[in-house]
Amino acid sequence: MITIKDVEHVAKLARLALSDEEKSRYTKQLAAIIEHFNELKAVDTTGVEPLAHALPITNVLREDTLVSPPGRALLMENAPEQENGYFRVPKIGD
Amino acid sequence: MKYEPVIGLEVHAQLKTATKIFCGCPTTFGGNPNDHVCPVCLGMPGVLPVLNKRVVEFAIKSGIALNCSVAHFTRFDRKNYFYPDLPKDYQISQYSQPICNNGHLVIGGKKIRILRAHIEEDAGKLVHAGAAGLHGSDYSLVDFNRTGVPLLEIVSEPDIESPEQARLYLSELRTILRYIDVCDGNLEEGSFRCDANVSIRPVGQTELGTKTEIKNMNSFRSVQRAIQSEIERQIDLVERGERIPQETRLWNEATQSTYPMRSKEEAHDYRYFPEPDLPPLVIDPAWIKALEATLPELPDSRRRRYMEICHLSADDAYVLAESKEMSDFFDRVIALDTPAKAAANWLIGPTQAFLKESLIDFAQTKVTPENLRDLVAAMNTGSLNSTTAKQIWLDLLREPAEVSAVIEQQGLSQVSDETKLRSIVWQVLSDNQSQLDEYLKGRTKIRQFFFGETMKALKGKGNPQIINCLLDEMLAEAASAVK
């Protein structure tokens, strides 16, 4: 059973700040989703391999050939903060 | 009470490809920050990773060399966590179906099982501004050049029984990966990294103790020392009746001890799920066979051959097989009918010393197998003495040349002509009459002086055996003349 603690844990892992109202709403919604999976679980899947990918394709590979990078000037255009060619990020908390 | 350590190692080996695992950016070490990045490895929205074929080939080769079974079906998973060195906020790795499983290495007769080896992408590098470490810095700088560099993570079972065995396992693993040319094994540049899981238990107990994970060791010696220090710390805790907390600890080279890494509150909740951007891999047995055929003879097999067929000692066999280049060279020299022991002595003694001194690899030297054959032959026929031969060899390691040409050009050929040597010894004895008188009175140590003077006259190139025989003969004659 999904509890408000689970929702808080998942929200923290996903870096989401939820209000109390959202927490209780999501607890109910997630519980309904999990409940639905329990229903699916009732289906007999003996002998069915777990699905690894949604498309029936395998082995999409590229050769080990160099492609020149577009250059950092272009790539850093959208960086909120930068310094000496580095992306600058806020203090990393514990 | 007596305790035994239980050690498992996780190695991250950087695969030696030209480009990254999922994009065409170069994997070259260094460079200006963020020069080797593109939208794919920066994890920009809408991009699609495409797996580098050579990464798969290198992983398969490694699996074969590490006695693993290579999976016929393997896939990728997302490992989710937030850290600024990870631009996508997840790492593409392999979780439930890794490419290699159930291998082993034999270290000094002990089988160390390898649980798995899987492919994953490396993260970026953080620079913490205004402080030596993360703590105390106001902000951090990120260089994503290393992001997406292909890694093979090789996880051993907790079968390792001592810090020394851990070092030997790592050394063997590195040697093998270098032999099969999938990893350069450079510890300083981080292309071969190791974390250790360490626990202790009373001897005889089968249940495992609480383990700690040790990180931040950048040499084989520091791995050995870090594990030793951690074992001692754990025994100390247990003896004092304290509990060992499960935690990650960092090795401090300066203090030669480990200290706890500050734990993340929600650590190790990675919520792995199948990577939707990458289709699974089906590995045809024919592909594995084709790659297996490209593998060279591995170090363990070479060592056994050197001991059993060439009759070398275990120590010599280990030194020779340490690098593929030297071992290949040795094989070519003995294929030229050079006595194995003599060839091995040259490669192990003077060559190792030279490599250590000049900080280069054997591959960077200029010598040819024919050089060594000729040198050994010239010594065997007596046309070179060992001092001169050593000088020639050291020159050959630096500059390409022919042994016969060097001997001729530099007039280094050993003087073995008996008539010539006899006249020089006679000259030395007659020029030093007072010393000869002393000798005849019983100061036999003076014989060494005559030998030295003779060699001096020959600029060190005299054949020492013949000179000794002649000295014995002529001194005996002088002695009987006095009587």
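Each remark here, short or long, concerns the structure printed above.
All values derive from a computational prediction rather than experimental measurement. (Residues numbered from 1 in each chain as written. Chains lettered and ligands numbered in written order. Predicted model: local features only at pLDDT ≥ 70, side-chain atom pairs only at ≥ 80, totals over all residues. Heavy atoms only, no water.)

S.K.: Can you walk me through the pairing of strand β5 (residues 77-80) of chain B in this structure?
M.R.: Regular strands have side chains that alternate between both faces of the sheet. All names here are of chain B. Here β5 shows no split at all, with D77 and K79 on one side and R78 and N80 on the other all buried. As paired strands, β5 and strand β16 (residues 273-274) are joined by 2 bridges and run antiparallel to one another. In the sheet register, R78 faces β16, and the bridge partner there is F273. Looking at chain direction, β5 and strand β6 (residues 90-93) are connected through 4 bridges and run antiparallel. (Buried < 20%, exposed > 50% of the residue type's maximum accessible area, 1.4 Å probe, protein only. Helix = DSSP H or I, 4+ residues; strand = E, 2+ residues; numbered from the N terminus. Pairing = 2+ DSSP bridges.)

S.K.: What is the right way to read the sheet that holds strand β2 (residues 82-83) of chain A from this model?
M.R.: The strands making up a sheet associate through hydrogen bonds between their backbones, and the pairing can be parallel or antiparallel. Across the sheet, which stays open at both edges, the 4 strands sit in the order β2(A)-β3(A)-β10(B)-β9(B) with antiparallel pairing between neighbours. Of all strands in the sheet, those with a lone pairing partner are β2 of chain A together with β9 (125-128) of chain B, marking the two edges. The sheet contact formed by strand β3 (residues 86-90) of chain A and strand β10 (residues 139-143) of chain B spans 4 bridges and is antiparallel. In the strand pairing of β10 of chain B, P90 of chain A is matched with Y139 of chain B.

S.K.: Please clarify how the packing of aromatic side chains should be interpreted in this entry.
M.R.: Where two aromatic rings form a pair, the distance of their centres and the angle of their planes describe that pair. Residue and element names in this part refer to chain B. All chains considered together, the criterion is met by 11 aromatic pairs over all chains. Both rings, one in Y95 and one in Y272, keep their centres 3.7 Å apart while their planes meet at 5°; by these two values the pair is stacked. With Y95 in the loop between β6 and β7 (100-107) and Y272 in the loop between β15 (257-260) and β16, this residue pair connects regions lying 177 residues apart in the sequence. Judged by its relative accessible area of 27%, Y272 falls in the partly exposed class. With 6.0 Å between their ring centres and 75° between their planes, F192 and F220 make a pair best called edge-to-face. Remark: F220 occurs in helix α3 (residues 220-239) and F192 occurs in strand β12 (residues 192-202); sequence separation between them is 28 residues. (Phe/Tyr/Trp six-rings, centres within 6.5 Å; stacked < 30°, edge-to-face > 60°.)

S.K.: What's the story with the pattern of salt bridges in this structure? I'm lost.
M.R.: Between side chains of opposite charge, a pair can form when the charged atoms approach closely. Counted according to the given criterion, the structure contains 44 salt bridges over all chains. A salt bridge links E83 of chain A to R88 of chain A; the nearest nitrogen and oxygen atoms lie 3.0 Å apart. The partner of R303 of chain B in a salt bridge is D300 of chain B, with the nearest N and O atoms 3.7 Å apart. Of the two residues, R303 of chain B and D300 of chain B are both situated in helix α5 (residues 299-308); the distance of 3 residues between them amounts to about one turn of the helix. Among the ionic contacts, a cluster of salt bridges with common partners joins E297, R302, R305, K324, D328 and D331 of chain B. (Salt bridge = Lys/Arg side-chain N within 4 Å of Asp/Glu carboxyl O.)

S.K.: For this particular structure, what's the right way to read helix α15 (residues 464-482) of chain B?
M.R.: Quick reminder: α-helices carry 3.6 residues per turn. Residues three or four places apart thus point the same way. Residues and elements named next belong to chain B. Between the first and last C-alpha of α15 there are 27 Å, a value that for 19 residues agrees with the 27 Å anticipated at 1.5 Å per step. Of the positions making up α15, those classed as buried are I467, L470, L471, M474, L475 and A478. An end-on view of α15 places all buried positions within 125° of arc, on one side of the element. The exposed set on the far side of α15, more than 90 degrees from its buried face, consists of Q465 and C469. If you follow the buried residues of α15, they end up packed against α12 (418-431), α13 (433-440) and α14 (447-457). (Expected span 1.5 Å × (residues − 1). Arc of directions from axis to C-beta. Contact = heavy atoms within 4.5 Å.)

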